[in-house]
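# Residue-level structure breakdown
Take a look at the letters that make up each chain.
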Amino acid sequence: MKGKTAVLAALLLAVPLPARAFLFGGATDKKAAAMLSGMRASSALGDCKAVLEIAPGFLGEKPPSPLREEAYIYISGCYEKTGLTDKAIGLYKLALGLYPENIFFASRLAAIYNQAGFPENAVPLFLKALDMKSDDVGANLGLARAYSVLGFLAKAKVFYSRAVVLQDFSDAAVLREYAFCMLKKRDWGEALYIAGRGEAAAPGYAVWRLVEARVLAGQGLYDRALPVIGAAILLEPSRQLRLERALYLLLDGLPDKAAEAAGSELAVNKDDALAAVVKGMALYSLGRKTEAEAYFGTARGGGSFTAAIAGSFLNMAADKTEAACKK
């Protein structure tokens, strides 16, 4: 939460103030300006409680438009930071209607839509923001994420590429996102290139070896993927990586070794659904179908992915049994 607060606070401070923000008329305007000054100082300190306490009185003064524009930045930002998302959305929409040239309102509303799982609503807002400022990193990255979720992977590539170039390939987390998006796209060359840039930005992390292994596996080169996933495991031992290696063993035509690898994970946790489905598939490949069925039964109790695989194998076994009985 602290990291998110710091980022948003930096955004607030980076937004240019309206040109007429300091031109006041009568006493009412001066009072509003003083209250705005208090909101500005509180926002800089990250004190959203103070910002939101000042806001009703400030708005009650019916301040001129430039002062309201600046105040909306602080108020909406604090709604967002304090979890009042509905209020933030409402104020961002109002502010965007009143101040369509202010990139802050478009970008933040789009970011909320992205985070809430409505990328189709985020896309036009990010495009609007980029019309105003084509080199905005946040808008390029947000649009890439929205397109990725929507399945428009070629478009996602365009905006991920712009974002990482604007960041000078320095943000390892964004490079990771980009690489995995390219794996989904099956753009093996770009995935490898980005993994290489990731290694340069944050050396020694298993994720870059994992991307390389998945590129090889995606091309059916499981024998070459095995030592690479092995290197990833040495860097970051984890159940997920070990089971991915077991799956590569199975796909490389080594079901006995795959069964052994999956069995090691089941020795630690007999209810591990993913390990159970890998071992079940390995045993099935070895012709030990009765043994395999027990593991598929365990896998059915896991998530939807493992349950679906286990169910398909169990149905296949049932169909073969029924066919044999009819003979």
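Only a predicted model underlies this, so the values are computations on that prediction, with no experimental measurement involved.

What follows concerns the overall build of the protein. A tally of regular secondary structure across the protein gives 18 helices and zero strands. Partitioning the contacts of the protein with sequence separation of at least 6, the portion at a separation of at least 24 is 49%.

Looking at the element boundaries, Ala-95 is found in helix α5 (residues 85-98). What makes Ala-95 buried here is its relative accessible area of 0%. A C-alpha to C-alpha distance of 7.1 Å links Ala-95 and Glu-69, two positions 26 residues apart in sequence. Apart from residues lying up to four places away in sequence, Ala-95 is in contact with Tyr-72 and Phe-105.

To continue, consider the confidence of the model for the protein. Per-residue pLDDT for the protein averages 87, and the proportion of residues at 70 or more is 83%. A low-confidence stretch, residues 316-327 stays under pLDDT 50, and its non-local contacts, those more than four residues away or across chains, total five contacts.

This part is about the nonpolar core. A general feature of soluble globular proteins is that nonpolar side chains tend to end up buried together. If you look at the biggest cluster of nonpolar residues, it comprises 100 residues, and the most contacted ones within it are Met-39, Ile-75, Phe-105, Val-211 and Tyr-248. Looking at this core element by element, the count peaks at nine residues for helix α12 (residues 206-218). Those residues in contact with Ile-75, other than ones at most four positions away along the chain, are Met-39, Val-51, Leu-52, Ala-55, Leu-59 and Leu-91.

As a further point, take the pattern of salt bridges. Evaluated as defined, the whole model comprises 14 salt bridges. The salt bridge partner of Lys-133 is Asp-135, with a shortest N-O separation of 3.1 Å.

Here we come to the packing of helix α8 (residues 137-150) against helix α10 (residues 172-185). A packed helix pair is summarised by two numbers, namely the angle formed by the two axes and the spacing between the axes. Contact pair α8 / α10: the axes reach a minimum separation of 11 Å and the direction vectors enclose 30°. Judged by the inter-axis angle, α8 sits roughly parallel to α10. The handedness of the crossing between α8 and α10 is left-handed. Side by side, α8 and α10 meet where Leu-141, Arg-145 and Ser-148 of the first sit next to Val-174, Glu-177, Cys-181 and Lys-184 of the second.

Looking now at the state of the cysteines. In total, this model carries one disulfide according to the counting rule given. There is a disulfide in this structure between Cys-48 and Cys-78, and the S-S distance comes to 2.3 Å. Residues Cys-48 and Cys-78 are joined by a disulfide whose S-S torsion is about -80°; by sign, that bridge is left-handed. Of this pair, Cys-48 sits in helix α3 (residues 48-60) while Cys-78 sits in helix α4 (residues 65-81), placing them 30 residues apart in sequence. Summarising the burial analysis for this pair, Cys-48 and Cys-78 share the class buried.

Here is what the cut-offs are and how they apply
- Residues numbered from 1 in each chain as written.
- Predicted model: local features only at pLDDT ≥ 70, side-chain atom pairs only at ≥ 80, totals over all residues.
- Heavy atoms only, no water.
- Helix = DSSP H or I, 4+ residues; strand = E, 2+ residues; numbered from the N terminus.
- Contact = heavy atoms within 4.5 Å.
- Buried < 20%, exposed > 50% of the residue type's maximum accessible area, 1.4 Å probe, protein only.
- pLDDT = per-residue confidence, 0-100.
- Core = buried A, V, L, I, M, F, W, Y, C linked by side-chain atoms within 4.5 Å.
- Salt bridge = Lys/Arg side-chain N within 4 Å of Asp/Glu carboxyl O.
- Axes fitted to C-alpha atoms, helices over the stretch in contact; angles between N-to-C directions.
- Parallel < 35°, antiparallel > 145°, perpendicular 65-115°, else oblique.
- Left-handed = near helix turned anticlockwise from the far one by under 90°.
- Disulfide = S-S within 2.5 Å.

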